[in-house]
Amino acid sequence: MKYKKITAQLLKQLEEITGKDNISVSETDLNNFSIDESPEMQPHAPEVVVRPLTTSIVSDILRFADRNLIPVTPRGGGTGLSGGCVPLFGGIILSLERMNHIIKISADNFSAIVEPGVTLDQLAGNLAPHNLHYPIHIGDMSATIGGTIATNAGGMNAVKYGVTRQHILGLQAVLPSGKIIEAGGEYIKCSTGYDLTQILIGSEGTLAVVTRIILKVMPRPGNREILFVPFSDLQSAIRTVPELLRLKTIPMGLEFLDGEVVRLIEKYVDIKVPHDEQDAFLMIIMEGDSTEDIVQYFGQIESICRSNGAIEFFVPGDETGKRKLIEFREKAYQAIRRAGPFALIDVVVPRNEIANFMASVKKISQELDMPAPSMGHAGDGNIHIHPICFDPDIAAWRKKLPVLMKRIYEAGAAVGGAISGEHGIGIDKKKYMSIGISQETISLMKAIKACVDPNNILNPGKIFDF
Ligand SMILES: Cc1cc2nc3c(=O)[nH]c(=O)nc-3n(C[C@H](O)[C@H](O)[C@H](O)COP(=O)(O)OP(=O)(O)OC[C@H]3O[C@@H](n4cnc5c(N)ncnc54)[C@H](O)[C@@H]3O)c2cc1C
């Protein structure tokens, strides 16, 4: 597709749509919006950044872009890990940051209506006084509701509460043509035609710009306790997971970290954990109405862990200790980033295949002599593997990286998994998209895209080439 460059005349027309305070071509903005948080991502600068205030302005911007063949890339918090909001072909960055209002919280309907630029942190702060809770907790809570919908974000609590798609009741969205659609509503059941809400969730901003969201919220849990359990090897830690999932009250979070990741976090973030010389660790997060509610499971959890080879069993007890452990887990990405050039693999596999998959990853990493520290959401089968270059020869590492990535993705597909559990395909995984997914399936996805966006102006170059 041949896109048009934004001339001075087109810029002027765009400014008339957005208002002059909501459009920018400053070098700072063009630079800041040329990347997201993905490792190894080449920057691509937009030609202009717009910050609309209303759905009708979003609609006018898209109609203008479609008519003039200008690519538009929606952007939320820019915390994405796959290059989804990187404007590959320049054009317009459509930042939703100023559409950040909480429109309504219905405590008696357990729902909330928000604009897409509301962040997860902001939502949590606004729900708390109503004793309500939105259970999507990801490693960077400055992500926006719009961005988390576009990637179908998962995070730590998915083992108990599921991922974003389980918590969205309805959406308002603007199609590339500028048409505004409404899907779903403030109700929990619906059998009225195709479920357009679910098609848009996870579509990575390629089908429509989400401009209003109806969320399902729940009563705020009373208390949480965190258990930290070191094991001498990863296989033992992972073997423990299915048994923990059979508890009458399943953990809210069930994370694993391998020894390499733990030692990197300690080195670069300066938080220590006990038994850091061990090879694998489980972090088990339990919630309940009271401490007693949770503590009743400790004996059972400890005996499951010890019977699978746990070395120790730590419960921090006070709030400071609990926060420190969560912080330890949340800062993993920061630590890995500081350790050297790295890549990020986000494979998801059936939960009973984690051990087999991790054995393959270890073998591949050894055969290619490429360290790949791992951690992940063990409770839901979503594994984050971080090939890191500790070698001075970065060029050689970069050359080998696609071989390692492809083999790991194939190993995931071989046990019935998929190449992305929660970060999305974006630009980053586009060339691996056909691993574990049929051509017919991809063709149907492309047909949907072609139907909604025949001029391919909305977030082009993401998920697949079209
Ligand atoms: C330290 C760290 C930890 C993380 N931990 C997790 C984790 O635990 N779980 C997890 O799932 N992710 C995690 N992420 C990834 C990231 O936070 C998520 O992908 C998040 O959903 C991105 O939200 P965002 O608002 O930053 O979106 P952006 O990065 O701005 O955009 C992401 C995608 O959404 C599209 N988009 C944004 N807004 C809209 C809209 N209104 N309408 C249509 N499309 C839109 C963009 O075009 C892009 O394709 C982590 C990231 C970091 C940096």
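Each remark here, short or long, concerns the structure printed above.
Along each chain, residues carry numbers from 1 onward, in the same order as the chain's sequence is written. Only residues with pLDDT of at least 70 are given local features in this predicted model, and only at 80 or more are side-chain atom pairs given and counted; all residues enter the totals for whole chains, interfaces and linings. As a rule here, side-chain values come from all non-hydrogen atoms in the structure, and water together with hydrogens is ignored.

## Regarding the nonpolar core
Phase 1 of the analysis: What makes a nonpolar core is a set of buried Ala, Val, Leu, Ile, Met, Phe, Trp, Tyr and Cys residues whose side-chain atoms join them at distances within 4.5 Å. For every residue, the accessible area obtained with a 1.4 Å probe (protein chains only) is divided by the maximum for its type, and the residue is called buried under 20%, exposed over 50%, and partly exposed between those limits. One finds Leu282, Ile284, Ile301, Phe357 and Ile408 to be the most contacted residues of the largest nonpolar core, which totals 57 residues.
Phase 2 of the analysis: Helix and strand assignments follow DSSP, with helices taken as H or I runs no shorter than four residues and strands as E runs no shorter than two, numbered in order from the N terminus. Looking at this core element by element, the count peaks at 7 residues for helix H15 (residues 394-414).
Phase 3 of the analysis: The contact definition used throughout considers only heavy atoms, calling two residues in contact when any of these lie within 4.5 Å. Sequence-distant contacts of Ile284, defined by excluding residues within four places in its chain, comprise Glu225, Ile226, Leu227, Val229, Leu244, Pro251, Gly253, Leu254, Ile301 and Cys305.
Phase 4 of the analysis: Val118, Ile138, Ala153 and Ile213 belong to the second largest nonpolar core, which has 27 residues in total.

## Some remarks on the site of the ligand
Phase 1 of the analysis: We call a residue near a molecule or strand whenever a single non-hydrogen atom of that residue lies within 4 Å of it. If you check the shell around the ligand, you find 36 residues, and the closest are Pro74, Gly76, Gly77, Thr79 and Thr144.
Phase 2 of the analysis: Between Gly78 and the ligand, the recorded distance is 2.9 Å, taken from a backbone N or O atom to an oxygen atom.
Phase 3 of the analysis: Think of a polar contact as two N or O atoms within 3.5 Å of one another; within protein, one of them needs to be a possible hydrogen donor and the other a possible acceptor, and neighboring residues in sequence only count if both atoms come from side chains. Gly139 is positioned with one of its backbone polar atoms (N or O) 3.0 Å from a nitrogen atom of the ligand.
Phase 4 of the analysis: Summarising the interface, the protein chains cover 95% of the accessible area of the ligand, which totals 980 Å² for the free molecule.
Phase 5 of the analysis: For the shell around the ligand, the secondary structure elements donating two or more residues are strand E3 (72-75), helix H5 (145-151) and strand E10 (209-216).
Phase 6 of the analysis: Looking at the shell around the ligand element by element, the count peaks at 5 residues for H5. Residue exposure ignores everything except the shown protein chains as possible cover, and the areas themselves are Shrake-Rupley values with a 1.4 Å probe.

## Quick word on the sheet that holds strand E13 (residues 253-258)
Phase 1 of the analysis: The sheet built from 6 strands is open, its strands ordered E12-E14-E13-E16-E17-E15 with antiparallel pairing. The open sheet has two edge strands, strand E12 (223-231) and strand E15 (345-348), and neither has a second partner. Strand-to-strand twist across the sheet, computed as the mean angle between neighbouring axes with direction ignored, equals 15 degrees.
Phase 2 of the analysis: Note: E13 against strand E16 (residues 374-377), 2 bridges, orientation antiparallel. Of the residues in E16, the one forming a bridge with Leu257 is Met375.
Phase 3 of the analysis: Of the strands in this sheet, E12 and strand E14 (280-288) are in contact with helix H11 (residues 298-307), which crosses E12 at around 20 degrees.
Phase 4 of the analysis: In the packing of H15 onto the sheet, contacts are made with E15 and strand E17 (382-385), and the angle to E15 comes to roughly 15 degrees. Whether two strands pair depends on DSSP finding at least two bridges between them. Axis lines are fitted to C-alpha atoms, over the contacting stretch for helices. Their N-to-C directions set the angle, which ranges from 0 to 180 degrees.

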